[in-house]
Every structure is written in C-alpha cells, then in structure tokens.
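Spelled out from the first residue to the last, the chains are:
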Amino acid sequence: MLKDEFIKMMVQDNETESEPKKSLYMDVIECMDLALSQSPATFDVPADKTLKGAFALIEQRGRERQKGGVACVGPFEAAEIIAEYLGTKFERASKRYTAPKKIVKLEDFI
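Once a new chain begins, its residue numbering starts again from 1 and follows that chain's sequence as written. Per-residue local features are limited, in this predicted model, to residues with pLDDT of at least 70; the limit for side-chain atom pairs, both in listing and counting, is 80 or more; totals at the level of whole chains, interfaces and linings are taken over all residues. Neither water nor hydrogens contribute to the side-chain values; these are computed over all heavy atoms in the structure.

### Some thoughts on helix H1 (residues 3-14)
Rule in force here: By definition, any uninterrupted DSSP run of H or I lasting at least four residues is a helix, any uninterrupted run of E lasting at least two residues is a strand, and each is numbered from the N terminus. By this rule, a helix spans an expected 1.5 Å times one less than how many residues it contains. Burial classes follow relative accessibility: with a 1.4 Å probe on protein chains only, a residue under 20% of its type's maximum area counts as buried, one over 50% as exposed, and anything between as partly exposed. Note: the arc covers the axis-to-C-beta directions of the helix. By definition, residues are in contact when any of their heavy atoms lie within 4.5 Å.
The terminal C-alpha atoms of H1 lie 17 Å apart, and with 12 residues this matches the ideal 16 Å at 1.5 Å per residue to within 8%. Every buried residue belonging to H1 is among Lys3, Phe6, Ile7, Met10 and Asn14, and all of these are buried. The arc that holds every buried residue of H1, seen down its axis, measures 95°, which confines them to one face. Opposite the buried face of H1, by more than 90 degrees, sit the exposed residues Asp4 and Lys8. Summarising the contacts, the buried residues of H1 are in contact with helix H2 (21-36), helix H3 (51-64) and helix H4 (75-86).

Right under this line is the structure:
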C-alpha cells in the first residue's frame, strides 16, 4: 500500500479506538507520517505493518531506557524506530547536516 494510503487507513482505523489509546495512537500516526516523509510517494508499506506494532516497538524502547520511573521516547526517535519498522529510513536534520568527523592519519603528522 502506498504511504499516503497507509497513513489515511491508520487514521481511519484509529477512530474506533477509545481513550487514552486513541490519543496515543494518533501521536504515533503523526510520527509515522514524519517517518515516511523522506520516502518517495511510491514507497510501498508492507501489508503486515500496523499501528499497534509500531506503538509496541516505541513502548519497548521506552521501557528499555526507563530511568527514575519515566519511560520516554521523543518524537524524532520514534520516527526513526517507525521508519525501520516500515522498511524505510528517516534521518534527522541534526544528523544529515552534521559534518562528518575527519579521520586523522598518523602519516599526516610525519
């Protein structure tokens, strides 16, 4: 399914959810949209990918880093997690535009 159709379907499916999941899932859909924003319009989202599957991965990452009783994943990290889940790539601007570290060779000093 094309990425725009996929996002539209996720929004429609989420309408049947009840709170508080409905609001949380809508935030995940927003991150899905962000995750797919760097993919071409022709990107085909695999049929086995779901909103609940993406949410579970984000929730798992938050629990892995739980500190002080707070499990947290920011929206841009969530977009990276979702992009990987959907089989595409999302790269933050902070990573895209950071100059690569120059490797200094010992021969340069001789």
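### Some points on the pattern of salt bridges
Two side chains bearing opposite charge may form a pair once their charged atoms approach each other closely. The following threshold applies: Should a side-chain nitrogen of Lys or Arg be within 4 Å of a carboxyl oxygen of Asp or Glu, the pair is scored as a salt bridge.
Per the stated rule, a full pass over the model turns up six salt bridges. With its nearest N and O atoms 3.6 Å apart, the salt bridge here joins lysine 52 to glutamate 17. In this pair, lysine 52 sits in helix H3 while glutamate 17 sits in the loop between H1 and H2, placing the two residues 35 residues apart along the sequence. Its relative accessible area of 24% is what places glutamate 17 among the partly exposed residues. Put simply, arginine 61 and glutamate 77 hold a salt bridge, and the shortest N to O gap is 2.9 Å. Of the two residues, arginine 61 is situated in helix H3 and glutamate 77 in helix H4; the sequence distance between them amounts to 16 residues.

### Description of the environment of alanine 41
Here alanine 41 shows up in the loop between H2 and H3. Residue alanine 41 is classed as exposed on the basis of its relative accessible area of 52%. Taking the C-alpha atoms as reference, alanine 41 lies 14 Å from glycine 87; in sequence the two are 46 residues apart. For alanine 41, the contacting residues outside a window of four places in its chain are Leu2 and Lys3.

### Here's the deal with the layout of surface pockets
Quick note on the threshold: Cavities and pockets are found on a 1 Å grid laid over the protein atoms alone: a cavity is a set of points where a 1.4 Å probe fits but cannot escape, a pocket is an open set with protein on both sides within 12 Å along at least five of seven lines, and a lining residue has an atom within 4 Å of such a point. Grid points are joined across faces, edges and corners, and a volume is the space filled by probe spheres set on the points. Amino acids are sorted into nonpolar (Ala, Val, Leu, Ile, Met, Phe, Trp, Tyr, Cys and Pro), charged (Asp, Glu, Lys and Arg) and polar (every other residue, Gly among them).
Space inside the largest pocket adds up to approximately 320 Å³. Taken together, 15 residues make up the lining of the largest pocket; nearest its centre are Leu24, Phe55, Ile58, Glu59 and Val73. At the level of elements, H2, H3 and H4 are the ones that each hand at least two residues to the lining of the largest pocket. Sorting elements by how many residues they give to the lining of the largest pocket places H3 first, with five residues. By residue class, the composition of the lining of the largest pocket is 10 nonpolar, two polar and three charged.

Bear in mind that shape data such as this cannot, by itself, settle questions of function.
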